[in-house]
Structures are given as structure tokens and as C-alpha cells.
Amino acid sequence: MAIDVSDPIMDLIARDRAVLWHPYAAMPMAFPPLAVASASGNRLRLEDGRELVDGMSSWWAAIHGYGHPVLDAAVRSQVDDMAHVMFGGLTHRPAVELAELLVGITPAGLEHVFLCDSGSVAVEVAIKMAVQYWAGRGELRQRLLTVRSGYHGDTAGAMAVCDPDTGMHHLFSAMLPRHLFAPTPEPTFGKPFCTDHIAELAQLLAHNRDEIAAVILEPIVQGAGGMRFYAPAYLAALRALCDEHDVLLIADEIATGFGRSGKLFACDHAEISPDIMCVGKAMTGGYLSMAATLCTREVADGVSGAEPGALMHGPTFMGNPLASAVSLASIRLLLSGPWCDRVVRIEGRLREGLGPAKGLANVADVRVLGAIGVIEVREALPMAAMQAVLVEHGVWLRPFGRLLYTMPPYISTDDDVDLIACAMVSVAEQVGVVR
Ligand SMILES: *Cc1c(COP(=O)(O)O)cnc(C)c1O
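Since the model is a prediction, treat every value here as computed from it, not as a measurement.

So, how was this worked out
- Residues numbered from 1 in each chain as written.
- Predicted model: local features only at pLDDT ≥ 70, side-chain atom pairs only at ≥ 80, totals over all residues.
- Heavy atoms only, no water.
- Helix = DSSP H or I, 4+ residues; strand = E, 2+ residues; numbered from the N terminus.
- Rg over C-alpha atoms; globule rule 2.2 N^0.38 Å.
- Buried < 20%, exposed > 50% of the residue type's maximum accessible area, 1.4 Å probe, protein only.
- Contact = heavy atoms within 4.5 Å.
- Areas by Shrake-Rupley, 256 points an atom, 1.4 Å probe, with all protein chains shown as cover.
- Lys, Arg positive; Asp, Glu negative; His and termini not counted.
- Charge placed at Lys NZ, Arg CZ, Asp CG, Glu CD.
- Domains from an automatic or database assignment.
- Buried area = accessible area lost by both parts, 1.4 Å probe.
- Salt bridge = Lys/Arg side-chain N within 4 Å of Asp/Glu carboxyl O.
- Polar contact = N/O pair within 3.5 Å; in protein donor to acceptor, adjacent residues only side chain to side chain.
- Phe/Tyr/Trp six-rings, centres within 6.5 Å; stacked < 30°, edge-to-face > 60°.
- Expected span 1.5 Å × (residues − 1).
- Arc of directions from axis to C-beta.
- Near = heavy atom within 4 Å.
- Nonpolar A, V, L, I, M, F, W, Y, C, P; charged D, E, K, R; others polar.
- Pairing = 2+ DSSP bridges.
- Axes fitted to C-alpha atoms, helices over the stretch in contact; angles between N-to-C directions.
- Parallel < 35°, antiparallel > 145°, perpendicular 65-115°, else oblique.
- Left-handed = near helix turned anticlockwise from the far one by under 90°.

### Considerations on the overall build of the protein chain
A tally of helices and strands in the protein chain yields 14 helices and 16 strands. The C-alpha atoms of the protein chain give a radius of gyration of 22 Å, which matches the 22 Å a tight globule of 435 residues would have. When the backbone C-alpha atoms are referred to their principal axes, the protein chain occupies close to 65 × 55 × 45 Å. Buried residues in the protein chain amount to 52% of all 435 residues. Long-range pairs, those at least 24 residues apart, make up 70% of the contacts in the protein chain between residues at least 6 apart in sequence. Total accessible area on the protein chain is roughly 18500 Å²; 56% of this is exposed by carbon and sulfur atoms. For the protein chain, the distance from the average site of its 32 positive side-chain charges to the average site of its 49 negative ones is 2 Å.

Dropping the structure here:
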């Protein structure tokens, strides 16, 4: 594409393409990004004056929308006190209050909090906790068991438990640990579960229990690995299996946490408590990068009670006060408002709005859970073509492969959700036409 650098917006995009990597992209990326000048509520304002309705919450994070006055005020007030101090040997009110709040609202038994700088790091910390817990009990257990279609982040330890195909394990095969993979969780959400659905996982667990430190998976909603929703009874059965075989359970709630699936945490659908849980993404309301790994007293005691007597992790920006303060404000804002009604309302609108896609020849599946809507097409359009249709509708979405999906901010109005759904159906209609 020819770029006119006398146009200031085109110039900005050309400069971007000269120097910047983007997520999962070539250098330069295959087609130019849109330049955003500002964002407020659920609107992204582009440099060229166009306005888009946000259907992504900036990858699950901006649940209250952009520029929320309460969150803006929390950041401003905290920056007056301090933006950052190291966490080694020091503490501060925002971190303490955030940890107490997280312990209070997460499933029972999770009592201790490790503050991390991103979701992937939270997963790395969870894995270290599990391995060190067994070391503390005098057992060398360094393997993990997980399920296919999962996604847990992009750092090496997290990548090793992502789906081996979509996670591109072959590219990194010599450097990644070989973990155990059970089939994708079945049945889908709302369908009746029977023990056959978890038989293969149960067998893997029974045969390898002495090596397995933990089972790690995303509860109920598998995000970037396939946007799938599975039955809560599967998760409950998994919890029981982990107890039976004395293996830890790690729940990765980084995408699902803070109401997205219709429960405050997806584990709540199955009324289970994991031994270790990761949260992130929506924790800061989408303002800053922060995540957390929570664990039970038993896990903490196991890690702390034996050589080297410490959890071996400590990022430079651990417990960052700005991120802690805005997380605290975001969670309090969520809990003080009608988040559940909003999510239920969005769920209803998405079901209605995406319904027409069900009859289309090229649509394999349409599914909705909480404030998440997915159209799975049989054949994908090129990303640039999909993006063009969406932007024409005035909507910001970021489909990948055969998945068109939305997780809009909870503040989205019915009209906004209808517009997003309409844009998605429109893309689905064109699959197979524009080729
Ligand atoms: C996004 C995500 C991660 C990784 O979080 P980052 O902040 O991108 O490192 C891990 N697990 C799940 C389930 C996620 O959705």
C-alpha cells in the first residue's frame, strides 16, 4: 500500500511500521494499524476523526470502558503519593488493600497473593509455586497436565502449557518442557456431562501422578486457544480427581475473572476452589499491566517450609503502587455496581444479535456466555478484509483465524451491543463471498 507521508496520520503509521512490532505480527505488520487519538467510554476515537464502538475491551481488560472518572482519579491521587517503589523489603497501602480485597472475593481457601507484572508472569509464578510446593514435601514433581485448546500466555513456561498446535510448540520444541495434554474439555457449556468426558484425563493423571505437580487450565471459558465454553460439571469432576490423586489444581482466570462469564470468577460456575489461581487483564480495569497469583495456606506453607525457604520470583515492578491503586478502584467500582445485571443484559443482546448467523452456510457455530459472543466460521476471510467490514460498521473487533468474537465493556448499551453483533454477522455473511 502506498503511503502519503505528507498526511500526518499516514506519516505516523509509516513511522510505526518502520520501528514497531505489534502482537503476533511480522515486521512490518501485514497491513497498517489504525491510529487511535483517544478513547472514552466504549468509544475509540481515531486520528482521522472516525469513532469506533469497542467490542474488545482491549483484550478483556477495559471492563468499565476508557477514561472512567473513578479510575482516572485513583491514578491521579496515587501518582501524587508515589508512582512506584520497589517491593523488596518495602510495602504500601495500595498493595495491602488490593491483596485483602482479592482474598475476600476469590473462591474460599485462596489466602495469599503474589502481585505480578502481567498475566504470563502470573502463570510462571503459579507453576513455580506448584513445583516448589512439591519440593517442600520432598518430591520432585516438575510436570504439568493440561488440556488442549488452552492459552496461558507467551513466556516460555506459559507457552509450554498452551495448545501445542495453536501455541506453535514445534517452533520451540527443543526449549519447551514436555507436559501432558488431555483432550479439549467436553461437553460444551449447557450440555450434560458424564464421566466418559474426563476419562482420558483421569487416566493420564492416574498413570503420571507421581510426576505431576499440578493440572492447569482455564475454568469454563477457553480464551485465545479457541474461544470455547465447557460444562461446569467437567471442572467439578476435575477438582475431585485432583483431590483423589493428590495433585494441585491451577485455575487460570486471567481472561474470565471479574465477571466476564456471568459469575465473578468462572470457578464459581462449578463452585470449586483451585489451589492456585491467576487473575489479570480486567484487574486494573485495563489501565496498567498487573496480574496476581493467589494460593492456599497449604501451598504457601509447602513453598516456605523447605529449602530455599522462599518463593523464587521477584519482578522489578512487583506490587507497583499505581497499578495496585487502579486495580483496587476498578474492583471496588465493579462490586459497587450492577455488574451481574449488565453482563446478563449483554448476554441476552448477543444471543439475539448473533442468532441470524446460525443459518449461514459458512458458520460452524455461534456461542454466547456472559459478556462473550463468538461466531466460528468454517473458512476465514483475510484479516484485512474482515477488519474493513467491521470498521465500515463503526466497530472495533480483532478476529483471529476462524473466530469472530466480542467481549465488550460492561458499560455497553443495548444499541452498542446490537451494532457489534450486526457487524459480526455481516462479516460472517461475506465469508465465502469475498474471496
Ligand atoms: C491473556 C491471557 C494470559 C496472558 O496474559 P498477558 O497479560 O497477556 O501476559 C494468560 N492466560 C489467559 C487465560 C489469558 O487470557
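### Looking at the domain arrangement of the protein chain
In terms of domain boundaries, the protein chain breaks down into domain 1 (34-67 + 338-430) and domain 2 (70-336). Spacing between the C-alpha centres of domain 1 and domain 2 amounts to 27 Å. Around 2200 Å² of area is buried between domain 1 and domain 2 when both sides are counted, 69% of it from carbon and sulfur atoms. Together, W60, W339 and L369 form the three largest contributors to the area buried by domain 1 at its contact with domain 2, with a combined 35%. Here domain 1 is connected to domain 2 by zero salt bridges. The interface formed by domain 1 and domain 2 holds eleven residue pairs in polar contact (both at pLDDT 80 or more) in total. Every element with two or more residues in the side of domain 1 that touches domain 2 is listed here: α2 (57-60), α12 (339-354), β13 (363-369), β14 (372-377) and β16 (403-406).

### Looking at the packing of aromatic side chains
Here the structure, examined in full by the defined rule, presents five aromatic pairs. Considering the side-chain rings of Y133 and W134, the 5.0 Å spacing of their centres and the 75° angle between planes classify their relative orientation as edge-to-face. Like Y133, the residue W134 is buried in the burial classification. Plain terms: the ring middles of F258 and F265 are 5.3 Å apart, the flat faces sit at 65° to each other, and that makes the pair edge-to-face.

### Quick look at α12
The end-to-end C-alpha separation of α12 is 22 Å, in line with the 22 Å expected for 16 residues at 1.5 Å each. Listed as buried for α12 are W339, V343, I346, E347, L350 and L354. End-on view of α12: buried residues confined to an arc of 105°, all on one side of the axis. Exposed and facing more than 90 degrees away from the buried side of α12 are D341 and E352. The secondary structure elements touched by the buried residues of α12 are α11 (321-336), β13, β14, β16 and α14 (414-430).

### Considerations on the site of the ligand
Around the ligand, the structure places S118, G119, S120, Y151, H152, G153, E218, D252, I254, A255 and K281. G119 has a polar backbone atom sitting 2.9 Å from an oxygen atom of the ligand. The side chain of S120 places a nitrogen or oxygen atom 2.6 Å from an oxygen atom of the ligand. Taking 380 Å² as the accessible area of the ligand by itself, protein coverage stands at 83%. Taken together, the residues of the shell around the ligand break down into three nonpolar, five polar and three charged.

### Points about the sheet that holds strand β11 (residues 276-279)
Sheet strands pair via backbone hydrogen bonds, and the direction of the pair is either parallel or antiparallel. Spatial strand order, β4-β12-β11-β10-β7-β5-β6: seven strands in an open sheet with mixed pairing. Looking at the sheet topology across the chains shown, the edges are occupied by β4 (110-116) and β6 (180-182). Pairs of neighbouring strands in the sheet enclose a mean axial angle of 20°, with direction left out of account. With three bridges connecting them, strand β10 (residues 248-252) and β11 associate as parallel partners. From the neighbouring strand, I250 faces β11, where its bridge partner is I276.

### Quick look at helix α13 (residues 383-392)
Within α13, the full set of buried residues consists of M386, Q387, V389, L390 and V391. Where α13 is buried, its residues touch β3 (51-54), β15 (395-396), β16 and α14. Residue G394 follows α13 closely and has a positive phi angle near 80°.

### What about the packing of helix α3 (residues 69-81) against α11?
Between α3 and α11, the least distance of the axes is 9 Å, while the angle of their chain directions is 150°. For the element pair α3 / α11, the angle class is roughly antiparallel. Viewed along their axes, α3 and α11 form a crossing whose handedness is right-handed. For the pair α3 and α11, the contacting residues are V70, L71, A74, V75, Q78 and V79 in the first and P321, L322, A325, V326, A329, S330 and L333 in the second.

### Examining the sheet that holds β14
Pairing in this open sheet of three strands is antiparallel, and the strands run β13-β14-β16 from one edge to the other. Each of the sheet's edge strands pairs with one partner strand only, and the pair in question is β13 and β16. Sheet twist, expressed as the average angle between the axes of neighbouring strands with direction ignored, equals 10°. Here β13 pairs with β14 via six bridges, running antiparallel. Within β14, the residue paired with V368 across the bridge is G373. Packed on one face of the sheet, α12 meets β13, β14 and β16 and runs near 165° to β13.

### Some points on the pairing of strand β5 (residues 143-147)
Counting buried positions along β5 yields four of five residues, so the element is predominantly enclosed. Bridge count between β5 and strand β7 (residues 212-217): three bridges; the pairing is parallel. Within the sheet, the bridge partner assigned to L144 lies in β7 and is A214. Two elements, β5 and β6, share three bridges in a ladder whose sense is parallel. Bridge assignment links T146 to a residue of β6, and that residue is F181.

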